[in-house]
2 protein chains.
Amino acid sequence: MEREELFKEISIKSPSKIILIVLDGVGGIPFKDGKTELEYANIPNLDELAKKSVLGQTDPILPGVTPGSGPAHLALFGYDPLKYQIGRGVLENLGLGVEIKKGDIAIRGNFCTLKDGLIVDRRAGRISTEENKRLCLKLRKRIKKTEGVEILFTPGMEYRFALRLRGKGLGADVSDADPQIVGKSPVVPKAISRESKKTAKIAEKIINLAKDILQDENRANFILLRGFSTLPPLPSMQELFRLNPAAIATYPMYKGLAKLVGMEVLKVDGMSIEDEIETLKKNYKEHDFFYFHIKKTDSYGEDGNFERKVTVIEEFDRFLPEILSLSFDVLVVTSDHSTPCLLKAHSWHPNPYLLYANTIIPDEQIAFSERACAKGGLGRFFSVDAMGLMLGHALKLKKFGA
Amino acid sequence: MEREELFKEISIKSPSKIILIVLDGVGGIPFKDGKTELEYANIPNLDELAKKSVLGQTDPILPGVTPGSGPAHLALFGYDPLKYQIGRGVLENLGLGVEIKKGDIAIRGNFCTLKDGLIVDRRAGRISTEENKRLCLKLRKRIKKTEGVEILFTPGMEYRFALRLRGKGLGADVSDADPQIVGKSPVVPKAISRESKKTAKIAEKIINLAKDILQDENRANFILLRGFSTLPPLPSMQELFRLNPAAIATYPMYKGLAKLVGMEVLKVDGMSIEDEIETLKKNYKEHDFFYFHIKKTDSYGEDGNFERKVTVIEEFDRFLPEILSLSFDVLVVTSDHSTPCLLKAHSWHPNPYLLYANTIIPDEQIAFSERACAKGGLGRFFSVDAMGLMLGHALKLKKFGA
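These notes cover the structure that comes with them. Computed from a predicted structure; not experimentally measured.

**Structural notes on the overall build of chain A**
Thinking step 1. The secondary structure content of chain A amounts to 14 helices and 14 strands.
Thinking step 2. By the compact-globule yardstick of 21 Å for 402 residues, chain A fits well, its C-alpha radius of gyration being 23 Å.
Thinking step 3. With the C-alpha coordinates of chain A rotated into their principal frame, the extents come out at 70 × 55 × 40 Å.
Thinking step 4. Sequence separation of 24 or more characterises 74% of the internal contacts of chain A that already satisfy a separation of 6 or more.
Thinking step 5. Here chain A displays about 16500 Å² of accessible surface, and carbon together with sulfur accounts for 50% of that area.
Thinking step 6. With 58 positive and 53 negative side-chain charges, chain A shows a separation of 6 Å between the mean positions of the two kinds.

**Re the pattern of salt bridges**
Thinking step 1. Taken as a whole and judged by the stated rule, the model has 55 salt bridges over all chains.
Thinking step 2. Note that B:Glu158 is salt-bridged to B:Arg126, the shortest N-O span being 3.0 Å. Of this pair, B:Glu158 sits in the loop between strand S6 (149-155) and strand S7 (160-166) while B:Arg126 sits in the loop between strand S4 (118-121) and helix H6 (129-142), and the two are 32 residues apart along the sequence.
Thinking step 3. Residue classification places B:Arg126 among the partly exposed residues on the basis of a relative accessible area of 47%.
Thinking step 4. Where salt bridges share partners, they join A:Glu131, A:Arg134, A:Lys138, A:Glu217 and A:Arg219 into one cluster.

**Here we look at the nonpolar core**
Grouped burial of nonpolar side chains is what soluble globular proteins tend to show.
Thinking step 1. In terms of nonpolar packing, the biggest core is built from 53 residues, with A:Phe289 and A:Leu355 touching the most fellow members.
Thinking step 2. At 5 residues, the largest contribution of residues to this core is made by helix H14 (residues 386-393) of chain A.
Thinking step 3. Apart from the residues lying within four places of it in its own chain, the contact partners of A:Phe289 are A:Ile18, A:Leu20, A:Met237, A:Leu243, A:Asn244, A:Pro245, A:Ala246, A:Met263, A:Met387 and A:Met390.
Thinking step 4. Among the nonpolar cores identified, the runner-up in size contains 45 residues, and B:Ile10, B:Phe77, B:Leu243 and B:Ala394 belong to it.

**Observations regarding the pairing of strand S11 (residues 289-294) of chain A**
Residues and elements named next belong to chain A.
Thinking step 1. Burial analysis of S11 places 6 of its 6 residues in the buried class, the great majority of the element.
Thinking step 2. Alternating residues of S11 divide into Phe-289, Tyr-291 and His-293 and Phe-290, Phe-292 and Ile-294, and every residue in both groups is buried.
Thinking step 3. Examined bridge by bridge, strand S1 (residues 18-23) and S11 share 6 bridges and lie parallel to one another. Across the sheet, residue Ile-19 finds its bridge partner in S11, namely Phe-290.
Thinking step 4. Direction of pairing for strand S9 (residues 245-248) relative to S11: parallel, over a ladder of 4 bridges. Directly across from Pro-245, in S11, lies its bridge partner Phe-289.

**Topic: the environment of B:Val187**
Residue and element names in this part refer to chain B.
Thinking step 1. Locating Val-187 in the fold gives a position in the loop between S7 and helix H7 (197-213).
Thinking step 2. A C-alpha to C-alpha distance of 8.5 Å links Val-187 and Leu-224, two positions 37 residues apart in sequence.
Thinking step 3. With sequence-adjacent residues up to four places away left out, Val-187 is seen in contact with Asp-176, Ala-177, Asp-178 and Pro-179.

**Considering the sheet that holds strand S13 (residues 351-357) of chain A**
All names here are of chain A.
Thinking step 1. Pairing in this open sheet of 8 strands is mixed, and the strands run S10-S9-S11-S1-S12-S13-S2-S14 from one edge to the other. The sheet is open, and its two borders are formed by strand S10 (264-265) and strand S14 (380-382), each paired with just one other strand.
Thinking step 2. Helix H3 (residues 44-52) rests against strand S2 (54-59), strand S12 (330-334) and S13 of the sheet, and its axis sits at about 65° to S13.

**Comments concerning the sheet that holds strand S12 (residues 330-334) of chain B**
Residue and element names in this part refer to chain B.
Thinking step 1. Reading across from one edge, S10-S9-S11-S1-S12-S13-S2-S14 is the order of the 8 strands in this open sheet, with mixed pairing throughout. A strand with exactly one partner marks an edge of an open sheet, and here the two such strands are strand S10 (264-265) and strand S14 (380-382).
Thinking step 2. Taken together, the 5 bridges between S12 and strand S13 (residues 351-357) define a ladder with antiparallel strand orientation. In the strand pairing of S13, Val-330 is matched with Ala-357.
Thinking step 3. Most of the contacts of helix H4 (residues 69-76) go to strand S1 (residues 18-23), to which it runs at about 155°, and overall it touches S1, strand S11 (289-294) and S12.
Thinking step 4. Here helix H10 (residues 273-282) sits on the sheet and contacts strand S9 (245-248) and S11; the angle it forms with S11, its principal contact strand, is near 170°.

**As for the side chain of B:Arg108**
Residues and elements named next belong to chain B.
Thinking step 1. Topologically, Arg-108 is positioned in strand S3 (residues 105-115).
Thinking step 2. Judged by its relative accessible area of 18%, Arg-108 falls in the buried class.
Thinking step 3. A polar contact is formed between the side chain of Arg-108 and the side chain of Glu-92, at a distance of 3.5 Å.
Thinking step 4. Ignoring anything within four residues of it in the chain, the contact list for Arg-108 reads Arg-88, Gly-89, Glu-92, Phe-161, Leu-224, Leu-225 and Arg-226.

**What to know about the interface of chain B and chain A**
Thinking step 1. At the junction of the two partners, chain B supplies 30 residues and chain A supplies 28 residues.
Thinking step 2. Carbon and sulfur atoms supply 63% of the area buried between chain B and chain A, which totals about 2400 Å² over both sides.
Thinking step 3. Considering only the surface of chain B that becomes buried against chain A, B:Leu82, B:Trp348 and B:Arg380 emerge as the three largest contributors, covering 23% of it.
Thinking step 4. Linking chain B with chain A are 1 salt bridge.
Thinking step 5. Counting across the chain B and chain A interface gives 12 residue pairs in polar contact (both at pLDDT 80 or more).
Thinking step 6. When its residues are assigned to classes, the side of chain B that touches chain A shows 15 nonpolar, 10 polar and 5 charged.

**Focus: the packing of H10(B) against helix H12 (residues 306-324) of chain B**
Between two packed helices, the angle of one axis relative to the other and the distance separating the axes together describe the packing.
Residue and element names in this part refer to chain B.
Thinking step 1. Running from N to C, H10 and H12 point in directions that differ by 25°, and their axes come no closer than 10 Å. Relative to H12, H10 is oriented roughly parallel. When you trace H10 past H12, the crossing you get is right-handed. Along its contact with H10, which presents Ile-273, Glu-274, Ile-277, Leu-280 and Lys-281, the element H12 presents Val-312, Glu-315, Phe-316, Phe-319, Glu-322 and Ile-323.
Thinking step 2. Of the residues assigned to the contact of H10 with H12, the class counts are 7 nonpolar, no polar and 4 charged.

**A short note on the state of the cysteines**
Residue and element names in this part refer to chain A.
Thinking step 1. What the rule picks out here adds up to 0 disulfides over all chains.
Thinking step 2. Free cysteine: Cys-341, not disulfide-bonded; nearest cysteine sulfur from Cys-373 at 17 Å.
Thinking step 3. With a relative accessible area of 2%, Cys-341 lands in the buried category.

**A short note on helix H5 (residues 88-95) of chain B**
All names here are of chain B.
Thinking step 1. H5 sits mainly inside the fold: 6 of its 8 residues count as buried.
Thinking step 2. For H5, the secondary structure elements touched by its buried residues are H4, S3, S7, strand S8 (222-229) and helix H9 (252-260).
Thinking step 3. Immediately downstream of H5, the backbone of Gly-97 shows phi near 85°, a positive value.

**Regarding unusual backbone geometry**
Thinking step 1. Phi at A:Lys344 is positive, roughly 50°, even though this residue is not glycine.
Thinking step 2. In this fold, A:Lys344 is placed in the loop between S12 and S13.
Thinking step 3. Backbone geometry places B:Arg242, a non-glycine residue, at a positive phi of 55°.
Thinking step 4. The topology assignment puts B:Arg242 in the loop between helix H8 (237-241) and S9.
Thinking step 5. Relative accessible area serves as the criterion here: at 39%, B:Arg242 is assigned to the partly exposed category.

The rules behind each value
- Sequence order as written defines residue numbering, which begins from 1 separately in each chain.
- As they are written, the chains are lettered A onward and the ligands numbered 1 onward, keeping that order.
- It should be noted that, the model being predicted, local features are given only for residues of pLDDT at least 70 and side-chain atom pairs only at 80 or more, the latter also being counted only at that level, while totals for whole chains, interfaces and linings use all residues.
- As a rule here, side-chain values come from all non-hydrogen atoms in the structure, and water together with hydrogens is ignored.
- A run of DSSP states H or I qualifies as a helix once it reaches four residues; a run of E qualifies as a strand once it reaches two. Both are numbered from the N-terminal end.
- Atoms considered for the radius of gyration are the C-alpha atoms alone. The globule rule reads 2.2 Å times the number of residues to the power 0.38.
- Whether two residues are in contact is decided by their heavy atoms, any of which lying within 4.5 Å being enough.
- Per-residue and other accessible areas follow the Shrake-Rupley method at a 1.4 Å probe size, with only the shown protein chains counted as cover for residues.
- The charged-residue count follows a simple rule in which Lys and Arg add positive charge and Asp and Glu add negative charge, with His and chain termini not counted at all.
- Charge placement uses NZ in Lys and CZ in Arg. For Asp and Glu, CG and CD serve respectively.
- The working definition used for a salt bridge is a side-chain nitrogen of Lys or Arg within 4 Å of a carboxyl oxygen of Asp or Glu.
- The buried label goes to any residue with under 20% of its type's maximum accessible area, the exposed label to any with over 50%, and the partly exposed label to all in between, with areas taken from a 1.4 Å probe on protein chains only.
- Each nonpolar core is a collection of buried residues, namely Ala, Val, Leu, Ile, Met, Phe, Trp, Tyr and Cys, held together in the definition by side-chain atoms within 4.5 Å.
- Pairs of strands are assigned from DSSP output, requiring at least two bridges between the strands.
- Here the axes come from fitting lines to C-alpha atoms, over the contacting stretch only for helices, and the angles between their N-to-C directions go from 0 to 180 degrees.
- The term polar contact refers here to a pair of N or O atoms within 3.5 Å; inside protein, the definition further demands a hydrogen-donor-capable atom paired with an acceptor-capable atom, and it admits residues adjacent in sequence only when both atoms are side-chain atoms.
- Buried area adds together the accessible area that both of two parts lose upon being put together, with accessible area traced by a 1.4 Å probe.
- Gly counts as polar in this scheme, as do all residues outside two lists: the nonpolar Ala, Val, Leu, Ile, Met, Phe, Trp, Tyr, Cys and Pro, and the charged Asp, Glu, Lys and Arg.
- Any angle that is under 35 degrees is reported as roughly parallel, and any over 145 degrees as roughly antiparallel; angles of 65 to 115 degrees are reported as roughly perpendicular and all others as oblique.
- Working rule for handedness: look at the near helix, and if it is turned counterclockwise from the far one by less than a right angle, call the crossing left-handed; if clockwise, right-handed.
- Any two cysteine sulfur atoms lying within 2.5 Å of each other are counted as a disulfide.

This is the structure we're talking about:
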């Protein structure tokens, strides 16, 4: 019996409420005075909560394996990240706020420099994001539809863009149209399966059209396409866990990931934690599961900006009492992956994990930090198992077997 | 390589002895003075043993998932509970002490009330267990055999009974003969596979015969049949682990489960822990693995009777020195699942797990409790892995690979 079948069999609809707070990339390693970001931050409310909670640490994929945001979030939502893989093209589009539906083909693109028939710069001299916007607009205007397939270019950061194909009879088994190294000729996209022939043909057409349109550009005079992908066949959280889940997030990627698993993405008026809490309160009656995402902990982690990451953690701590004043059954504070300021990148370190419910056995930990969590009563477990744990403590699971 | 292949390859026969003590449902959550049942109990011998042992906590199925006794025990015996599922009909029969052999069809039954062709009470007004016995005897006398198939009715609690079919050419792919809700007509059992046609036909015949026999009954004038099942194809513990295992238990369900995996079920003269220890001593030379089951911790947990559950734990503690005086290589004290008095039911909380052997690295824990186990040297692991751990510490496993 697979995990999915198990949860379909034992999950029950109930009025109990679960709040999952994801402080993106909050986990760190010692940086200042031998302390991590969480240890350095002044977080009296989180520490107070930790005293009444049970702590643990979670591995998003496997010990030592650093995840991207996609697999890390899927795991937190209860989906095996090695089973359900989200293609690069899909993530790129989601990250830019582009809707991807079943049957759509999602692709990542680079602007690049072509000279004498050879690719001499795969990043077109790292053109600015502004220039990227101008170029994508230019392409959008002239490449809209072919063979009944709608084509959508969306600018990303610097030289990156996302491409979406929407229409009938498209498959994603298409090889990358990217030689990966400079000094080579462009590569024609090739269909790997019969079902993807139309996609390959259209992609080739798009590349040729783009070449014409961009021919007068100085640096960005050609495009590379890769990561052809479609939505993975994800069962929804409604189907698997009988939840009526909602997402509160401010960045497109996380809204997109939440939508993929069937969450209703709630409108947040603004980008601040305060705005997100306002949304939580306003919609609190309507759902039994809330995914509450805070992005800036990760952003400052990636920048290596210890002070600012600490400030975001402290800001969240000040708002925590407002969340605690709501009536809930299970509250979890954790992260999708660690982003230590020292590494300026996602890392493989397990996530600190705090669970608060009436049905726990509190441990002796008195602070919310990586080291306190490593000594917590929940021990170490996989992120993918965190959903079952929340559902269990919310009394949303029937007994398995007699 | 599957778990089964691995153990078949590396298990070796040896004279070392393992004792697995299962205090059924012993795990709890804080109930009185902030203490769990184990924390409240006065258990000097278990605490003394904990000082010399290594502790840990085990998940029977997955974090958050509450198991029935069947899957929880299979996991403890080293069988993946999501792979080997025991049907409801089999468990019902085993629980009533009915032997189920390969090829037998095991079924759960309800007495119910039929009025004007409709089922108006699926539980026949919750008739008494005494009345149930009378009715089953009545059915037994008149429904014995048909088409070469032996039929056995066994009374359970209140309105429940178990039915066993024994004969040739029987399959268990038969739909429930139970509309599940009142106000509906009876449902005819239907064969889902060709191999189960005979079973469905006989089940229908039994239902019709029972209707005639019970027609003058006031409430229990009809029967519902469901959970048609056969033994799962379980490899034996002899085959998998090269053990010569024995079970010491007083309740039919656990004796039945032990028999399923190939244990010899030893006769216990009486129902007390003392009686069970007598059996252990008397048969100690004959086996290399003993499953020693104590039921009352679970029973009082289900009743929410904290004082009595504590008393059973304390009673076991007083007998522990007698077990420790035997010459063994590995001793484990754990539970199949938790049954916190606070919840009055099985729960998903991990089991406290204590392992005592010459080959362990003792941890710093000085008590046997949920919280001590959560800090124990073994960490958190799956129940299904506990068998390998015991075999390893008993030096019953060869090196895997070179």
